[in-house]
Protein chains: 2
Amino acid sequence: MITDRIRCAPLLERITSSDEAASFIRDGMTVGMSGFTRAGEAKAVPLALAERAKREPLKITLITGASLGNDLDKTLSEAGVLSRRIPFQSDPALRKAINAGEVMFIDQHLSETVEMLRSRQIGPVDVAVVEAVAITETGGIVPTTSVGNSATFAILAEKVIIEINLAQPLALEGLHDIYIPTRRPTREPIPVMAPNDRVGTPFIPIDPSKIVAIVVTEKLDSASTVLPPDNETRSIAGHLTEFLRHEVDRGRLEKSLQPLQAGIGTIANAVMHGLIDSPFERLTMYSEVLQDSTFDLFDAGKLDFASGSSITLSKARYRQVLDDIARYKPRLILRPQEISNHPEVIRRLGLIAVNTALEFDIYGNINSTHVGGTHMMNGIGGSGDFARNAHLSIFVTKSIAKNGAISSVVPMVPHVDHTEHDVDIVVTECGLADLRGLAPRERARLIIETCAHPLYRDRLADYFAEACRRGGQTPHLLEKAFAWHIAARDTGSMGGTVTDLNEARVA
Amino acid sequence: MITDRIRCAPLLERITSSDEAASFIRDGMTVGMSGFTRAGEAKAVPLALAERAKREPLKITLITGASLGNDLDKTLSEAGVLSRRIPFQSDPALRKAINAGEVMFIDQHLSETVEMLRSRQIGPVDVAVVEAVAITETGGIVPTTSVGNSATFAILAEKVIIEINLAQPLALEGLHDIYIPTRRPTREPIPVMAPNDRVGTPFIPIDPSKIVAIVVTEKLDSASTVLPPDNETRSIAGHLTEFLRHEVDRGRLEKSLQPLQAGIGTIANAVMHGLIDSPFERLTMYSEVLQDSTFDLFDAGKLDFASGSSITLSKARYRQVLDDIARYKPRLILRPQEISNHPEVIRRLGLIAVNTALEFDIYGNINSTHVGGTHMMNGIGGSGDFARNAHLSIFVTKSIAKNGAISSVVPMVPHVDHTEHDVDIVVTECGLADLRGLAPRERARLIIETCAHPLYRDRLADYFAEACRRGGQTPHLLEKAFAWHIAARDTGSMGGTVTDLNEARVA
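Residues numbered from 1 in each chain as written. Chains lettered and ligands numbered in written order. Predicted model: local features only at pLDDT ≥ 70, side-chain atom pairs only at ≥ 80, totals over all residues. Heavy atoms only, no water.

By the naming in an unreviewed UniProt entry, chain A is Acetyl-CoA hydrolase/transferase family protein, taken from Segnochrobactrum spirostomi. Per UniProt, chain A has the following entry under Sequence similarities (unreviewed entry): "Belongs to the acetyl-CoA hydrolase/transferase family." (UniProt positions renumbered as here; feature names shortened; annotations may be inferred.)

Shown next, in the form of structure tokens:
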């Protein structure tokens, strides 16, 4: 019954069509929409906007939690609705428009967007569009599979549109913990002291009179695109597990480690999956996205608690977890991304943060975002929030891509998202480099020796040796630093060939 | 009387010569020494080490708060005592040894060194050497003009050597606030909620039996090398004051602004000095180093309170402030640098952070450390702690150096210390660029137009236009990105000449 879902009786009359609801959004507005890592995004109103843009001029600034599912960024960008997009995306069509300079993309740390909105450094948000499982008696919004930035969007926006999604089970209620930091400069400490601390309300508290329209939907979240573990990702997980075991042996970590964070994607998911066969126990997570591996770790009895901002699962896992959500719920919290990614909490808890690099250089600088230094892939996401404040800041990647044509370990990255100062450990399937307490020249030797693929190792060593002859804290040959990237841009290859790769494999 | 200074009677017998004290430090040890921005460093024991190194093999890892005064880094590095140096330095002789690869320099965020020591990721510290004005009845150490990392060094080290400096007035006692965060992952919030919150003890609490030697000294701190404001720095200050006034007018800031941080150096000092003639009032500082400008602002009645980790003054100001310290003391706190630079506190208070860039690029990436991308200047210091978490992250620099031969605004920085994600505002004497909420292409147009020197503006615009024709979120021409740096390295000039400069001035 819809009254189970909309319990604030006066709001029932706000139920309307998605076209009608979308009519509150006008050309030039800034719109905040729910959605984080393809979970819990508003699903109907964006489509209505894309349709309307066929008939009349309609350009908006779209701010979300993170990436949207159901091809919404594709549909909106192909319809020409997006003039500006903040703070993250992962859609090929939108990516194309961004790299063509047609959509202005502001690539932000995920913890910062609402901080900037709240202090009116960006915005204001004219309309918020939030997917919900229910609206409480007092008008509180109960989010679905993600919280993202929805709470602050709804609190700051002049008008709020709710999408009640009947396909999202009511049992999700109680999963969320909505805490909004007080205003600066008189802010109180964020009171989260452990991953399982509940510090807010299970709904987004807003004045229900701001809810101008409610749309009823029943479309599912998109399935995660994460691939299952393969030989390389299993090797990466193995190196990392071995390293963590050493840290426990040396008394630097307990057997339960410290709360874990894993970035979205195949490699980070595989690394977490690798902990199933590890000697660690009573693990906890304080992360942004909870993927298949989180529930695999629960089911294996390895994980005590997981805090995140969204749940993004493969097709097979999605149905099973949502059907069984009541069983998992006591060990789960979904928080606003400002809190899941808050520097204060990350530093306090001493996280072990595992994020994926696009490439890294011999000194440990990380490129997470820009192919060839120029073309945006997805965005920095939360990786900077975590890397900058974690107890252990770990970056993982396969050592080569495109059958060896591309090396992920390069002389110099042409775009830096995480500086040498913020990277403790880098891992590829070839090995793990522990950079803590090392000067740049020491890091270079270690990275070349342990992380680089044999196809590229000698060339990296030659570059480094020649650079050292010129001197410096961080020796480089500026005229050759990007030679590999230029070759890849012009020929598709940094020099390694499939033949070389097969020979290297045989050897 | 020495008993005013050493009030724990059993410790009187530990008074000894600097040679005797230094004998506790042996070849291969890791030593933690007081000293932050040339203030409050141990002054006698390091010299004894340098002398001893003439007679016997002696290499140590030296960890400090930040830079040392009295040419100690020069003396130690010329004597060959330093094998490793952490986390900051600013000495020309040591810099030379670092860039020659003779001293391994680990350039760290200043808030992180003791965090890593405490969790045993670096270290352990064998001996701590701390300058003090006094030792309390219970053996508590009262630091002098800086706290730096001294508290954690003394707490973690096996042996502690104290230098009682009779030239540092006893009136400094009561200025310090020593708070040590509890261990992770069960850490409590850092309880600092305002710049004037006292949350710890006025001394470093340690077991006095660890104090193995006490040396009595009377050498003064070195004077600051900061230059007085000039036309360019006054222009930078003017642009920034005007910007802040706009923020107040738009209701984004109160007239008392938010707590201010200013990095060490001539430009940041001049910017703070510029606030004397501003419309703001009841200002506060939550900074790392308190320079002449802090006391000028006090004397002008503009500043209510200042929290830092050290006091570093010009020769003229030094004597006056120390003689008058009792008058300033109620409005001053010196904290451990872990607390003055703590991400949690910086984010909570919403600081306005002003730091100096060596150069920045058209997209807002900052190089703070590496000349030509390879050669270390001083180190990142606290700039990353502040930039990453401030309400407003501001970087200042003059638009040109060496009479126009060098542009501080470049196509691409060859070393990134602060990424585009962490920079809100860049300022040169030419103008101020407000980068908040802008995509990279928008930032580039604004930076070129407002911050670049006319000598280089057209060439930057040409580079950007050509890069845009190739596309991308962050358009670049990889084969030309470092052309200016390569020219500067090979010819001493990026292309601007004194003749051009004079013509530009006339025009």
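Caption draft 1: Layout of the interface of chain B and chain A. Of the residues lining the interface, 80 residues belong to chain B; the matching set on chain A comes to 80 residues. Carbon and sulfur atoms supply 50% of the area buried between chain B and chain A, which totals about 6,800 Å² over both sides. The interface formed by chain B and chain A holds 14 salt bridges in total. Two residues, Glu344 of chain B and Arg348 of chain A, come together in a salt bridge whose shortest N-O distance is 3.2 Å. Put simply, the parts of the chain that give the side of chain B that touches chain A at least two residues each are α5 (92-99), β4 (104-105), α6 (113-118), α14 (343-349), β19 (375-376), α15 (383-387), α16 (440-450) and α18 (483-491) of chain B. Element by element, the count of residues in the side of chain B that touches chain A is highest for α14 of chain B, at five residues. Classifying every residue of the side of chain B that touches chain A gives 27 nonpolar, 28 polar and 25 charged. (Contact = heavy atoms within 4.5 Å. Buried area = accessible area lost by both parts, 1.4 Å probe. Salt bridge = Lys/Arg side-chain N within 4 Å of Asp/Glu carboxyl O. Helix = DSSP H or I, 4+ residues; strand = E, 2+ residues; numbered from the N terminus. Nonpolar A, V, L, I, M, F, W, Y, C, P; charged D, E, K, R; others polar.)

Caption draft 2: Region of the structure containing the sheet that holds strand β16 (residues 359-361) of chain A. Residues and elements named next belong to chain A. The strand order across the open sheet formed by three strands is β17-β16-β23, and the pairing between neighbours is mixed. The outermost strands of the open sheet, each flanked by one partner alone, are β17 (366-367) and β23 (409-410). In terms of strand pairing, β16 meets β23 through two bridges, oriented parallel. What sits directly across from Asp361, in β23, is Val410. (Pairing = 2+ DSSP bridges.)

Caption draft 3: Inspection of the sheet that holds strand β16 (residues 359-361) of chain B at higher detail. Residues and elements named next belong to chain B. The three strands are arranged β17-β16-β23 in an open sheet whose pairing can be described as mixed. Of all strands in the sheet, those with a lone pairing partner are β17 (366-367) and β23 (409-410), marking the two edges. Strand direction decides the pairing type here: β16 and β17, joined by two bridges, are antiparallel. Each residue of the ladder has a partner; that of Glu359, found in β17, is Asn367.

Caption draft 4: Just the pattern of salt bridges, in detail. Residue and element names in this part refer to chain A. Tallied over the entire structure, the rule returns 72 salt bridges over all chains. Salt-bridge contacts for Arg443 lead to Glu420; the nearest nitrogen and oxygen are separated by 2.8 Å. Of this pair, Arg443 sits in helix α16 (residues 440-450) while Glu420 sits in the loop between β23 and β24 (425-428); the two residues are 23 residues apart in sequence, bridging distant segments of the chain. Relative accessible area serves as the criterion here: at 4%, Arg443 is assigned to the buried category. (Buried < 20%, exposed > 50% of the residue type's maximum accessible area, 1.4 Å probe, protein only.)

Caption draft 5: Quick look at a nonpolar patch on the surface. Residue and element names in this part refer to chain A. Together, Ile2, Ile15, Leu166 and Val216 give the surface a local cluster of nonpolar side chains, amounting to about 260 Å² of exposed area. Mapped onto the secondary structure, Val216 falls in strand β8 (residues 211-217). The exposure class of Val216 is partly exposed, given its relative accessible area of 34%. (Patch = residues over 30% accessible without salt bridge, like charges linked within 9 Å, V, L, I, M, F, W, Y side chains within 5 Å. Areas by Shrake-Rupley, 256 points an atom, 1.4 Å probe, with all protein chains shown as cover.)

Caption draft 6: Molecular detail of the UniProt feature "domain: Acetyl-CoA hydrolase/transferase C-terminal" (unreviewed entry) in chain A. Under the local residue numbering, the UniProt record ascribes the feature "domain: Acetyl-CoA hydrolase/transferase C-terminal" (unreviewed entry) to residues 325-463 of chain A. Along residues 325-463 of chain A one finds 29% helix and 26% strand; the C-alpha atoms at either end are 53 Å apart.

Caption draft 7: Spotlight on the domain arrangement of chain A. Residue and element names in this part refer to chain A. Assigned domains within chain A: domain 1 (2-217) and domain 2 (231-485). Listed as interface residues are 50 residues of domain 1 and, on the opposing side, 44 residues of domain 2. Counting across the domain 1 and domain 2 interface gives two salt bridges. Measuring nitrogen to oxygen at the nearest pair gives 2.7 Å for the salt bridge that ties Arg118 to Glu338. The tally of links between domain 1 and domain 2 comes to 30 residue pairs in polar contact (both at pLDDT 80 or more). Elements with a contribution of two residues or more to the side of domain 1 that touches domain 2: α5 (92-99) and α6 (113-118). Residue composition of the side of domain 1 that touches domain 2, grouped by class: 24 nonpolar, 17 polar and nine charged. (Domains from an automatic or database assignment. Polar contact = N/O pair within 3.5 Å; in protein donor to acceptor, adjacent residues only side chain to side chain.)

Caption draft 8: Seen up close, the packing of aromatic side chains. Residues and elements named next belong to chain A. Following the criterion strictly, the structure yields eleven aromatic pairs over all chains and no others. Between the aromatic rings of Phe295 and Tyr328, the centroid separation amounts to 5.0 Å while the plane-to-plane angle is 85°, which identifies the pairing as edge-to-face. Of the two residues, Phe295 sits in helix α10 (residues 292-299) while Tyr328 sits in helix α12 (residues 325-328), which places them 33 residues apart along the sequence. In terms of burial, Phe295 and Tyr328 fall into one category: buried. Taking the centre distance of 5.3 Å and the plane angle of 40° together, the rings of Tyr456 and Trp484 count as tilted. (Phe/Tyr/Trp six-rings, centres within 6.5 Å; stacked < 30°, edge-to-face > 60°.)

Caption draft 9: Molecular detail of the relation of the copies chain B and chain A. Superposing chain B onto chain A requires a rotation of 180° together with a translation of 0.0 Å along the rotation axis, leaving an RMSD of 0.0 Å. In short, the pair behaves as if placed about a two-fold rotation axis. For chain B, the smallest separation between a C-alpha atom and the rotation axis is recorded for Glu344 of chain B, amounting to 2.1 Å. A share of 100% of interface residues in chain B that are also interface residues in chain A marks the association as one of identical surfaces. (Least-squares fit on C-alpha atoms with pLDDT ≥ 70 in both.)

Caption draft 10: Molecular detail of empty space enclosed by the protein. As enumerated under the stated definition, the model contains ten cavities of 30 Å³ or more in all. Its volume calculated, the largest cavity comes out at about 290 Å³. His421 and Asp424 of chain A together with Gln108, Glu112 and Met116 of chain B are the residues nearest the centre of the largest cavity, which is lined by 26 residues in total. Here the lining of the largest cavity is built from residues that sort into seven nonpolar, eight polar and eleven charged. (1 Å grid on protein atoms, 1.4 Å probe; cavity = no way out; pocket = protein on both sides within 12 Å on 5 of 7 lines; lining within 4 Å. Points joined across faces, edges and corners; volume = space filled by probe spheres on them.)

Caption draft 11: Fine view of the UniProt feature "binding site: CoA" (unreviewed entry) in chain A. Residues and elements named next belong to chain A. Taken from the UniProt record, the annotation "binding site: CoA" (unreviewed entry) applies to Asn378, Gly382 and Lys402. With the annotated positions falling across 25 residues, the maximum pairwise C-alpha distance of 26.4 Å shows that they are not confined to a single cluster. When you line up the elements, Gly382 lands in the loop between β19 (375-376) and α15 (383-387). When residues no more than four places from it in sequence are discounted, the contact partners of Gly382 are Leu110, Glu288 and Asn341.

Caption draft 12: Seen up close, the confidence of the model for chain A. Across chain A, the average pLDDT comes to 96, with 98% of residues at or above 70. Complex prediction metrics read pTM 0.97 and ipTM 0.97. (pLDDT = per-residue confidence, 0-100.)

Caption draft 13: Up close: the environment of Gly80 of chain A. Residue and element names in this part refer to chain A. Looking at the element boundaries, Gly80 is found in the loop between α4 (72-78) and β3 (82-86). Note: C-alpha distance between Gly80 and Leu58 (22 residues apart in sequence) is 7.8 Å. Gly80 has contacts with Leu58 and Lys59, leaving out every residue within four places of it along the chain.

Caption draft 14: Spotlight on helix α11 (residues 315-323) of chain A. Residues and elements named next belong to chain A. For α11, the full list of buried residues reads Arg317, Tyr318, Val321 and Leu322. Down the axis, α11 shows its buried residues gathered within 115° of arc, on one side only. The exposed set on the far side of α11, more than 90 degrees from its buried face, consists of Lys315, Ala316 and Asp323. Buried residues in α11 make contact with α10 and α12. (Arc of directions from axis to C-beta.)

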